[in-house]
Structures are given as structure tokens and as C-alpha cells.
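# Examination of the molecular architecture
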Amino acid sequence: MDKYAVIGNPIEHSKSPEIHTAFAQQTGEDIEYVRLLGNLDDFEGDVRRFIAEGGQGLNITVPFKEQAWRLADELSPRAHTAGAVNTLIRLDNNQLRGDNTDGIGLVRDLTVNQGFRMAGKSILMLGAGGAVRGVMRPLLEQNPRRIIIANRTASKAYSLANGLTHLGQVAGCGFDELEGMQFDLIINATAAGLEGKTPAIPDDALVKGGWCYDMLYGKHDTAFQQWGREHRAARSLDGLGMLVEQAAESFRLWRDTLPETPPIIAKLRNAA
Ligand code: ATR
């Protein structure tokens, strides 16, 4: 039986074992998938030990995604741009390939599961941290008209956007520079929701019938989902689908089969 794990610190809350076990049952793949509490001072040692003991792949979560990026022997283009790795794949030569499935997970949830057409659309991305950098390349590959990255600390949005201009129409700004702009889709990737807050963006930032998407999720609507509902959003979604989709793409990278995600998303939604 091939062994996989998710490593993070803390790790108890991770839903990945449940998700991957469900994928394995659905696809008939014979795998074991466990949680690993990563040592904050020895992430690399933890990874090396797991691989030495026969581990075939790892998911990486907070706070180790950047360390995993540095540790990987090779990187996919999207992981290279992300500056972070959430999936390690053991290759036949025992080297580790780093990938990042967060962006494709977000794109698939929005486009395949929810039916949003990204091409030609104006998108506002809130935040400029690792969560944003991690998803920008797959988003730009959908050919939106433009993506504005807006952040509380504007300088972080400028520098992130400046590093991405070779990939598409993207610019950075502060929240106060959004006055007068309107978007078809607003994605929240700030940590504001963890404190029950929403980023301070203008009330008319969303076009009538536009969509809101929060990368966070919870038992109840997130603060940003509520903002969307109060501001004419046709749909206001949380990030549960993205969580399952990023896992599905990791599973595909390891097992060469893409699980069917809707039943798993529904199961997690009902368990929440
Ligand atoms: P992550 O990896 O989740 O992106 P991060 O790199 O710490 O974590 O980034 C957190 C993001 O949430 C940043 O964009 C941060 O804005 P600043 O760069 O100005 O700090 C944003 N953020 C956190 N709390 C916020 C709040 N109350 N309102 C708006 N943005 C907030």
C-alpha cells in the first residue's frame, strides 16, 4: 500500500486525510494517508524521514509551503510562480517534485463546479500574501480581462503584481485606490475573516450580478460571503470546493486518476 501524508503545524484540524481516503475509496486506489505534525525546526528532516520510510508523496500546509518550495528538487511552472509548494511527489529516481494545486483548485471550483466563465472578466483579488501568490498563475491562464490585486498594505500588492505582469493583465493597489472601479468577481484571500472582519473596499466594487468567493470556509457563511450577499452578489461562495479540488489535483498527480469531487464536497458540507 502506498503511503501519503499531509504535514503542517498545527495539523489536527486538517480535512485532507478524510478527503483523500474518500478519493481512494471512490477510485479503488489502495493508499494510506495520514496527518504528520511537522517539527517547526526540522521540516526537511520530517520530509526526508517520511520518504525514507517509503512515503510516495506529501501535501504541505501552513507554515511549511515555502520551505517545501526550497526543498523540492524540481518545480512545476505553477509552483515556481506560486513561490510555495502544497504537493510533493516522489519521482522514480527518488527526487522530489514540487507542485502547487491551490490555483487550479480555485479555478476548477469556480469554473467547473459553479459555472463561472473567467475569460474576459474583471477580477478583484483581496490580499497579497502567500495565499494570493499561490493561485495567480492558474487564474491568469483563464484569460480574465484583468486582475487587480488590492491589499491593506498597498506596497505588497504593487510588488506582487509587478512580478506577474508577464503572465497577463494584472496590477496592484491599495483598498483606497479601488474607488470607481467595478468587478465581475471578487475573491477574498485576506486573513481578515479569521477575525470576523471584511477588507475595507468600496460598497459599489461588485457589478450587479457579480460573484464573490471567499477562500476561507466554515460552518456558517464567512464575513466576506455576507458582504457579498449584502452587495448584490448573484453568488457568494466559500472555499470548501477549492479545498476539495486542490486535493483532487494532488491525488491526480500521485495516482494518475482525477476523482469525482461533487459527492465529496457535498459530504463535507453536510458534515460541517
Ligand atoms: P496568507 O498566506 O494566508 O496569504 P499572509 O501572507 O500573512 O497569509 O497574508 C495575510 C493577508 O491578509 C495579507 O494580505 C494581509 O494584509 P497586509 O499585507 O496589509 O497585512 C491580509 N489581512 C490580514 N488581516 C486583515 C484585515 N483585518 N483587513 C484586511 N486585510 C487583512
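### Digging into the domain arrangement of the protein
What the domain assignment reports for the protein is domain 1 (2–100 + 241–271) and domain 2 (117–238). It is Thr-81, Ala-82 and Met-242 that lose the most area in domain 1 upon contact with domain 2, and together they represent 48% of the buried surface on that side. Taken together, domain 1 and domain 2 are joined by one salt bridge. The closest approach of N and O atoms between Asp-238 and Arg-269, which form a salt bridge, is 2.9 Å.

### Some points on the nonpolar core
Side chains of a nonpolar character, in soluble globular proteins, are inclined to be buried together. Ranked by size, the top nonpolar core spans 28 residues in total, and within it Leu-110, Met-125, Met-136, Leu-139, Ile-149 and Ile-187 carry the most contacts. Ranked by size, the runner-up nonpolar core spans 20 residues in total, among them Ile-89, Ala-247, Phe-251 and Ile-265.

### Quick look at a negative patch on the surface
A cluster of acidic side chains, namely Asp-176, Glu-177, Glu-179, Asp-203 and Asp-204, defines a negative patch on the protein surface. Here Asp-203 lies in the loop between β10 (183–188) and β11 (206–214). The class of Asp-203 is exposed, set by a relative accessible area of 59%.

### Some points on the packing of helix α5 (residues 102–113) against helix α10 (residues 240–255)
Interaxial distance between α5 and α10 falls to 7 Å at its minimum, and their mutual angle equals 120°. Taken as axis vectors, α5 and α10 run oblique relative to one another. Judged by the sense of rotation from one axis to the other, the crossing of α5 with α10 is right-handed. Seen from α5, the contacting residues are Asp-102, Ile-104, Gly-105, Leu-106, Arg-108, Asp-109 and Asn-113; seen from α10, they are Gly-241, Met-242, Glu-245, Gln-246 and Glu-249.

Rules used in this analysis
- Residues numbered from 1 in each chain as written.
- Predicted model: local features only at pLDDT ≥ 70, side-chain atom pairs only at ≥ 80, totals over all residues.
- Heavy atoms only, no water.
- Domains from an automatic or database assignment.
- Buried area = accessible area lost by both parts, 1.4 Å probe.
- Salt bridge = Lys/Arg side-chain N within 4 Å of Asp/Glu carboxyl O.
- Core = buried A, V, L, I, M, F, W, Y, C linked by side-chain atoms within 4.5 Å.
- Buried < 20%, exposed > 50% of the residue type's maximum accessible area, 1.4 Å probe, protein only.
- Patch = residues over 30% accessible without salt bridge, like charges linked within 9 Å, V, L, I, M, F, W, Y side chains within 5 Å.
- Areas by Shrake-Rupley, 256 points an atom, 1.4 Å probe, with all protein chains shown as cover.
- Lys, Arg positive; Asp, Glu negative; His and termini not counted.
- Charge placed at Lys NZ, Arg CZ, Asp CG, Glu CD.
- Helix = DSSP H or I, 4+ residues; strand = E, 2+ residues; numbered from the N terminus.
- Axes fitted to C-alpha atoms, helices over the stretch in contact; angles between N-to-C directions.
- Parallel < 35°, antiparallel > 145°, perpendicular 65-115°, else oblique.
- Left-handed = near helix turned anticlockwise from the far one by under 90°.
- Contact = heavy atoms within 4.5 Å.

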